[in-house]
Amino acid sequence: MKHLYQPSVRGGAARLVSSRTLMLLGFLAAFGGSVFAQDHGRITGVVRNASGATVGGAIVVVRNQVTTRESRSRSGASGSYSLRLPPGAYRITVAPPFSAKFEKDKNYGEFAIPRGDALENVIVEPGKDTNIEIQVEEKKLEGVNPAEQEKPIGYTGKKSVASEPQTEADRRAVRDRWRAGFPEYDRYGDRGARGRDIPFKKGGWRDPYNQSVLKGDYPIKGNKLFLILSAVSATGVEQRRAPTPSDVSSDEPRSAEFFGQPEQFATSQTMQLTFELFHGDTTFRPRDWAIKISPTFSVPNYLNARENGVVNIDVRRGTNRTDTQVSLEEAFAEVKLKDVNENFDFVSVRAGIQPFVSDFRGFIFSDNNLGARLFGAFGNNRYQYNASYFSLLEKDTNSGLNRFDTRHQNVYIANFFRQDFIRKGYTIQASLHYNDDRPGIKYDRNGFLVRPALIGDVRPHSIKVGYLGISGDGHLGRLNLSHSYYYAFGRDSRNPIAARSVRIKSNMAAVEASVDHDYLRFKGSFFWAQGDENPTDAKATGFDAIFDDPNFVGGQFSFWNRNGIRLTQTGVGLVQPNSILPSLRSSKTQGQANFVNPGIFIYNAGVDVDLTQRVKAVFNVNYLRFHRTEPLEYLLFQNRIRHDIGFDYSLGVAYRPFLINNVTVTFGASTLQTGRGFRDIFTDRTRNCPPNVGDFCEPDVINPRKPLYSLFAQLKLIF
């Protein structure tokens, strides 16, 4: 018979144990003693420390050496423990923070083998008790600091679900599954030239970058209730030169009859606090419900216009203005109505003041306003949809923030998205907008009439217009492609320029293509908004939006896009701030859409450059032309205005000093090299200026050969 050699538990001598005996013990364990009347035995004993005192609360771990099934028993106040077990051979240990000490010369049973902190081959026989006295010492877990283990990466706050205490260095029961701990270690293990790279970093509540319970990374109660507290500070400074009317009382004698000092200096400070509470397991599916509120403060908004009649219609107010505004830019509740399928497609509804951009680039509607929105997805999130209604709030004249009264304008929007259309990575969108703008009379905070526009036939009028559009955005292989087309149709009950009711039929098209090469993105864009060829007939073919904020042809860095340009001696602007449409409306935020306008062509070439990980530069060149000039000629009583607006050159630089978006500094510079059509609007040198009196026709303050420019900087802090 083959024998196994094992050390004896008596006197250090060797002892032979037959393999047949071990096979028999294994058989007993595997079948639970079923052959022997299905009986059980017990392991009992007392847990003591080195001084002989009993130890309560120690966890005795007993594992079957054949089936690996584990049983545990916690010692009572008297130190005693007991486990009822099937017959077999067992291994005994004690769970941390205690460690057992089994003496190799002590007799623990005929076949028992002491292994320091473990005792092996403890035999349990049917109907019998096996008594094992255990000596323990309290042992600190190596590499485990329980206090630190309660604080995973970032700032976690208090536990949202109580968990059992840790008993093993490599095992921990975590009911609060969001707060699983990670060790803080240096990825490269050195502190040399590379510096320290610590992937799992513990932090405080003031750290805006790493995970935090204040940012919704950890629940505040249970495993599904989260809170987000955030703050945004935007500080802006801008210097610009644009044509400025002198009005009836100029600030300086040097001002011309129609033109004043063109420079303006503006600063602004906007603070936004956001409180958001939501419920749901957002790792895998949309949240169940949410409440969000974002009070916003413009403190202050300052403008030095250098000319009377700009900051206020009352010239006695001078050339400077400082004002403040308090607003709610977000205040909504959201509820998920239904999970459509097991892949967590959903249907949700949101009501209140909320942000909404109706297409990829913000051509028709992009605003934070009061409304209700039904949205969701199906087909494994490949199909998405929105159905929205907005009852628009009035805007503050100077800051552009929401006021707390409605303006009797209703906007209805429905859109539908299909991802991976034609090819993966390309999304197509169909949309329908409807703008129902009721008649009314409105003066802005600076005393200017904005509804109806102070031009032509000044009568309150309504605008009911729909927009049918299709857009796409994504990439087709290496080519990045973004495009939109809109057809506008409806009626203006009495257009102020046409002085009659007009039927609206107009078009808009835009396309941008770009290619990436290393750290460069080369792009080319084209934009077209149709103009009106006959401003007095019953058809209005000039294109205008509801509330646009386009990220296109240079976006915020473009002079034409960023700066509103007023038409002198009229109550309207050639173009409004944050718009590319020459709509001839009184105000983008408080005025009404106007579909009798010149329209525009914009040709763009640009390049985005990631200079470093911290610095990104954006270069753009735009060439601008009016589509039709008849509305301008009719409005300004000029017999010939050419189409050339000029070249718009812009440079933007975004700097992230800490490689994160929590601190961003943005610089921008742009200039408009005016073309013949632009000079036709603001001077009459080409027709009526006699020879040798150029100084009279081109005073320094409006010399069209002097470039119009805009310089700005913004510091944005996000917590």
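Sequence positions are assigned chain by chain, starting from 1 and proceeding in written order. In keeping with the model being predicted, local features are shown solely for residues with a pLDDT of at least 70 and side-chain atom pairs are shown and tallied solely at 80 or more, while totals for entire chains, interfaces and linings include all residues. With hydrogens and water set aside, each side-chain value is computed from the structure's full complement of heavy atoms.

Novice: Just checking my understanding: could you explain the overall build of the protein chain for this structure?
Specialist: Working definition: helices are DSSP H or I runs of at least four residues, strands are E runs of at least two. Numbering for both runs from the N terminus. Helices and strands together make up the secondary structure of the protein chain, namely seven helices and 35 strands. Residues are treated as being in contact if the distance between any of their heavy atoms lies within 4.5 Å. Of the contacts made within the protein chain by residues no fewer than 6 positions apart, 62% connect residues no fewer than 24 positions apart. A 1.4 Å probe and the Shrake-Rupley method give the accessible areas. Residues count as covered only by the protein chains that appear here. By element, 54% of the accessible surface of the protein chain is carried by carbon and sulfur atoms, the whole surface being about 34,700 Å².

Novice: How do you make sense of the sheet that holds strand β4 (residues 59-64) when you look at a structure like this?
Specialist: Where strands meet in a sheet, backbone hydrogen bonds hold them as pairs that are either parallel or antiparallel. Taken in spatial order, the five strands of this open sheet run β5-β4-β7-β10-β9, and their pairing is antiparallel. At either end of the open sheet lies a strand with only one pairing partner, and these are β5 (70-74) and β9 (113-114). Two strands are said to pair when DSSP picks up at least two bridges between them. Pairing between β9 and strand β10 (residues 119-124): two bridges, direction antiparallel. Residue pairing in the sheet places P114 in a bridge with L119 of β10.

Novice: What am I meant to see in unusual backbone geometry here?
Specialist: Leaving glycine out, the prevailing phi sign among residues is negative, and the prevailing peptide bond configuration is trans. Looking along the chain, the bond that leaves V299 and enters P300 is cis, with omega of -10°. Along the polypeptide, P300 turns up in strand β15 (residues 289-304). Following R451, the chain continues to P452 via a peptide bond in cis, the omega torsion being -5°. Within the element layout of this structure, P452 appears in the loop between β23 (449-451) and β24 (463-476). One non-glycine residue, T68, adopts positive backbone phi at about 60°. The topology assignment puts T68 in the loop between β4 and β5. The backbone of L659 shows a phi angle near 65°, a positive value even though the residue is not glycine. Inspection of the secondary structure assignment puts L659 in the loop between β33 (644-655) and β34 (663-674). Residue classification places L659 among the partly exposed residues on the basis of a relative accessible area of 35%. Only protein chains enter the calculation, and the probe is 1.4 Å; a residue is then buried if its accessible area is under 20% of its type maximum, exposed if over 50%, and partly exposed in between.

Novice: Help me out: how do you make sense of a positive patch on the surface in this one?
Specialist: The patches reported here contain residues having more than 30% relative accessible area and no salt bridge. Joining distances are 9 Å for like charges and 5 Å for nonpolar side chains (Val, Leu, Ile, Met, Phe, Trp, Tyr). Throughout this description, the term salt bridge denotes a Lys or Arg side-chain nitrogen within 4 Å of a carboxyl oxygen of Asp or Glu. Neither His nor the chain ends contribute to the count of charged residues, in which Lys and Arg are positive and Asp and Glu negative. Here the site of a charge means atom NZ of a Lys, CZ of an Arg, CG of an Asp or CD of a Glu. On the surface, a cluster of positive charge is made up of R491, R503, K505 and K539. Position of K539 among the secondary structure elements: in strand β28 (residues 539-540). Accessibility expressed as a relative area gives 44% for K539, which makes it partly exposed.

Novice: For this particular structure, what's the right way to read the side chain of S73?
Specialist: By the secondary structure assignment, S73 is in strand β5. Apart from the residues within four sequence positions on either side, S73 is in contact with A58, I59, V60, Y81, S82 and L83.

Novice: Help me understand the pairing of β5, please; the structure alone is not making it clear to me.
Specialist: If a strand is regular, its side chains alternate between the two faces of the sheet. Note that β4 and β5 share five bridges and pair antiparallel. When the sheet's bridge partners are listed, V60 is paired in β5 with S73. Between β4 and β5, which pair antiparallel and follow one another directly, the connecting turn spans five residues, one of which, T68, has a positive phi of 60°.

Novice: Just to check I follow, could you spell out the pattern of salt bridges for this structure?
Specialist: Opposite charge on two side chains allows them to pair when their charged atoms are near. Under the counting rule described, the total for this entry stands at 37 salt bridges. For the salt bridge of R63 with E70, the shortest nitrogen-to-oxygen distance reads 2.7 Å. A relative accessible area of 38% means that R63 is categorised as partly exposed. We classify E70 as partly exposed; its relative accessible area is 32%. Between D516 and R521 there is a salt bridge, with the nearest N and O atoms lying 2.6 Å from each other. Look at D516 and you get partly exposed, because its relative accessible area is 32%. R521 gets classed as partly exposed once you look at its relative accessible area, which sits at 32%. The network of salt bridges with common partners includes E276, R287, E334 and R350.

Novice: Could you clarify how one ought to interpret a nonpolar patch on the surface in this entry?
Specialist: A cluster of nonpolar side chains, L273, F275 and I293, forms an exposed patch at the surface whose accessible area comes to about 230 Å². Using a relative accessible area of 32% as the deciding quantity, one classes L273 as partly exposed.

Novice: Would you take a moment to explain the side chain of R451 for this structure?
Specialist: Tracing the sequence through the fold places R451 in strand β23. Residue class for R451 comes out buried when judged on its relative accessible area of 6%. Throughout this description, a polar contact denotes any pair of N or O atoms lying within 3.5 Å of each other; where both atoms belong to protein, one of them has to be capable of donating a hydrogen while the other can accept it, and for residues adjacent in sequence the pair is counted only when both atoms sit in side chains. Polar contacts involving the side chain of R451 include one to the main-chain carbonyl oxygen of Q590, which spans 2.8 Å.

Novice: What exactly am I supposed to notice about the nonpolar core here?
Specialist: One broad trend across soluble globular proteins is that nonpolar side chains are buried collectively. By nonpolar core we mean a set of buried residues, namely Ala, Val, Leu, Ile, Met, Phe, Trp, Tyr and Cys, connected to one another through side-chain atoms within 4.5 Å. Core analysis: the largest hydrophobic core is formed by 58 residues, its most contacted members being F527, L567 and L574. Per-element tally for this core: the top contributor is strand β26 (residues 500-517), with four residues. Among all residues touching L567, those that are not within four sequence positions of it are V572, G573, L574, L584, L632, L635, L636, I681 and F682. In terms of nonpolar packing, the next biggest core, distinct from the first, is built from 23 residues, A58, I92, V94 and L119 among them.

Novice: Could you clarify how one ought to interpret the packing of aromatic side chains in this entry?
Specialist: To describe a pair of aromatic rings, one takes the distance between the centres and the angle between the planes. For Phe, Tyr and Trp, where Trp contributes only its six-membered ring, two rings pair if their centres lie within 6.5 Å, and the inter-plane angle classes them as stacked under 30 degrees, edge-to-face over 60, or tilted in between. Counted according to the given criterion, the structure contains 27 aromatic pairs. Geometrically, the ring pair formed by Y389 and Y412 is tilted, given 5.2 Å between the ring centres and 40° between the ring planes. Of the two residues, Y389 sits in strand β19 (residues 383-395) while Y412 sits in strand β20 (residues 402-418), which places them 23 residues apart along the sequence. Y412 gets classed as partly exposed once you look at its relative accessible area, which sits at 37%. With a centroid separation of 5.3 Å and an interplanar angle of 50°, the aromatic rings of F526 and Y603 are classed as tilted. Within this pair, whereas F526 is found in strand β27 (residues 520-529), its partner Y603 is found in strand β31 (residues 600-610), the two being separated by 77 residues in sequence. Its relative accessible area of 38% is what places Y603 among the partly exposed residues.

Novice: So what exactly am I meant to see when it comes to the environment of V94 here?
Specialist: By the element assignment, V94 lies in strand β7 (residues 88-94). With 23 residues separating them in the primary sequence, V94 and D117 have C-alpha atoms 7.8 Å apart. Not counting residues within four places of it along the chain, the set of residues in contact with V94 comprises A58, I59, A100, I134 and V136.

Novice: Hey, could you run me through the environment of L581 in this one?
Specialist: As for its placement among the helices and strands, L581 is situated in the loop between β30 (573-575) and β31. Separated by 20 residues in the primary sequence, L581 and N561 have C-alpha atoms spaced 8.5 Å apart. What L581 contacts, discounting residues up to four positions off in sequence, is F527, A529, F543, D544, A545, D548, L574 and V575.

Novice: What should I look at first to understand the pairing of strand β14 (residues 263-279) in this one?
Specialist: Pairing analysis gives 17 bridges linking strand β13 (residues 225-241) to β14, with the strands arranged antiparallel. Looking at the pairing, V237 lines up with T267 of β14. Summarising the sheet, β14 and β15 pair through 12 bridges and their orientation is antiparallel. Considered in β15, the bridge of Q272 is made with T296.

Novice: So what exactly am I meant to see when it comes to the environment of N410 here?
Specialist: Assignment of secondary structure puts N410 in strand β20. Sequence separation between N410 and Y389 is 21 residues; the distance between their C-alpha atoms is 7.3 Å. Excluding residues within four positions of it along the chain, N410 makes contact with Y389, F390, S391, Y434, N435, D436 and R438. A polar side-chain atom of N410 sits 3.1 Å from a polar atom in the side chain of Y389.

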